[in-house]
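Report on the structure
Below are the chains, spelled out letter by letter.
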Amino acid sequence: MSSTTTTVFPGDDIPAQHVNLKLGPGLLQLSSGSSIIATRAGSLNHSANKSKWWIENNSRRYVPASQESVIGIVTQKVGEGYRVDIGSAHYASLDGLAFEGATKRNKPNLKVGSLVYARVSLAHKDMDPELECFDAQTRKAEGFGEIKGGFLVRCSLKMCRDLMDTSHFLLPLIGGKFPLEVAVGLNGRVWVNSKEMKHTIALARCIEAADPDGPGMDAQQIRLLLAKLDV
């Protein structure tokens, strides 16, 4: 993340440059190689090496961005694919063949209500977003696909980005207490699981408590919360 916070407004020019530039929510490149502008108000952020840029604000409505990881809920089977709710203005489409090893004869049979951990493969303001459940380069699952069991936590978009940051305190702190499984979607959804139900519930409550759009607890406060939850 950038060391200083810059507030931008829709239409502002963004000085984003990198050989492997990736634009996240709130940014738009007008055409290949042309200038980049902000499409929403908020704070401008970038990764340490400045390859990824995005705009942070307190919106809870997810705006799909290419290559971002999301957690979706299957709402309908359509032909050979599915309609998936990812919390954006429009449902996303997921092809039945967009899974590791899937063929026309052998592909996942998802039910309405199933959860999928997916990557946004297409995000365009004039088209419905598209998803895939494998790494586009290796065509291996790499953790993507249907997710079963566990518990789905809904939180702010900023909390999700914080959890994706390896320097954030929360997951390492809880992981030192008990084993856990976590899938973070940048669309305001986090899937959590552990061997014991009380640990799964505790993990969910800690994410909600650390959410900057909620209580915003720090590491010490989370330790006290875990002690109260007796885990």
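Since the structure is predicted, the reported quantities are computational estimates derived from the model, not experimental observations.

The rules behind these values
- Residues numbered from 1 in each chain as written.
- Predicted model: local features only at pLDDT ≥ 70, side-chain atom pairs only at ≥ 80, totals over all residues.
- Heavy atoms only, no water.
- Helix = DSSP H or I, 4+ residues; strand = E, 2+ residues; numbered from the N terminus.
- Contact = heavy atoms within 4.5 Å.
- 1 Å grid on protein atoms, 1.4 Å probe; cavity = no way out; pocket = protein on both sides within 12 Å on 5 of 7 lines; lining within 4 Å.
- Points joined across faces, edges and corners; volume = space filled by probe spheres on them.
- Core = buried A, V, L, I, M, F, W, Y, C linked by side-chain atoms within 4.5 Å.
- Buried < 20%, exposed > 50% of the residue type's maximum accessible area, 1.4 Å probe, protein only.
- Domains from an automatic or database assignment.
- Axes fitted to C-alpha atoms, helices over the stretch in contact; angles between N-to-C directions.
- Parallel < 35°, antiparallel > 145°, perpendicular 65-115°, else oblique.
- Left-handed = near helix turned anticlockwise from the far one by under 90°.

**A few points about the environment of Glu-80**
Within the secondary structure, Glu-80 sits in the loop between strand 8 (69-78) and strand 9 (81-85). For Glu-80 and Gly-96, which are 16 residues apart along the polypeptide, the C-alpha to C-alpha distance reads 5.5 Å. Filtering out sequence-adjacent residues up to four positions away, Glu-80 remains in contact with Asp-95, Gly-96 and Lys-107.

**Considering the layout of surface pockets**
Taken as a whole, the largest pocket spans an internal volume of roughly 1,400 Å³. For the largest pocket, the lining is made up of 45 residues, of which Leu-23, Gly-24, Pro-25, Ala-65 and Glu-68 are closest to its centre. Mapped onto the lining of the largest pocket, the elements with two or more residues apiece are strand 3 (22-23), strand 4 (27-29), strand 7 (52-56), strand 11 (115-124), strand 12 (127-133) and helix 1 (157-164). Of the residues forming the lining of the largest pocket, the biggest block, 5 residues, is contributed by strand 11.

**Digging into the nonpolar core**
Counting residues in hydrophobic clusters, the biggest one holds 27 residues, and the most contacted among them are Val-84, Ile-86, Leu-94, Leu-110, Val-116, Leu-131 and Cys-133. Every element with two or more residues in this core is listed here: strand 8, strand 9, strand 10 (92-99), strand 11 and strand 12. No other element matches the 5 residues that strand 11 contributes to this core. No fewer than three residues from each of domain 2 (68-147) and domain 3 (151-229) sit in this core.

**Describing the domain arrangement of the protein chain**
As assigned here, the protein chain comprises domain 1 (6-56), domain 2 (68-147) and domain 3 (151-229). Computed over C-alpha atoms only, the centres of domain 1 and domain 3 are separated by 28 Å.

**Description of the packing of helix 3 (residues 197-210) against helix 4 (residues 219-228)**
Closest axis-to-axis distance for the helix 3/helix 4 pair is 11 Å, and the angle between their directions is 150°. Judged on the interaxial angle alone, helix 4 and helix 3 are roughly antiparallel. The handedness of the crossing between helix 3 and helix 4 is right-handed. The segment helix 3 lies against helix 4, with Arg-205, Cys-206, Ala-209 and Ala-210 engaging Ile-222, Leu-225 and Leu-226.

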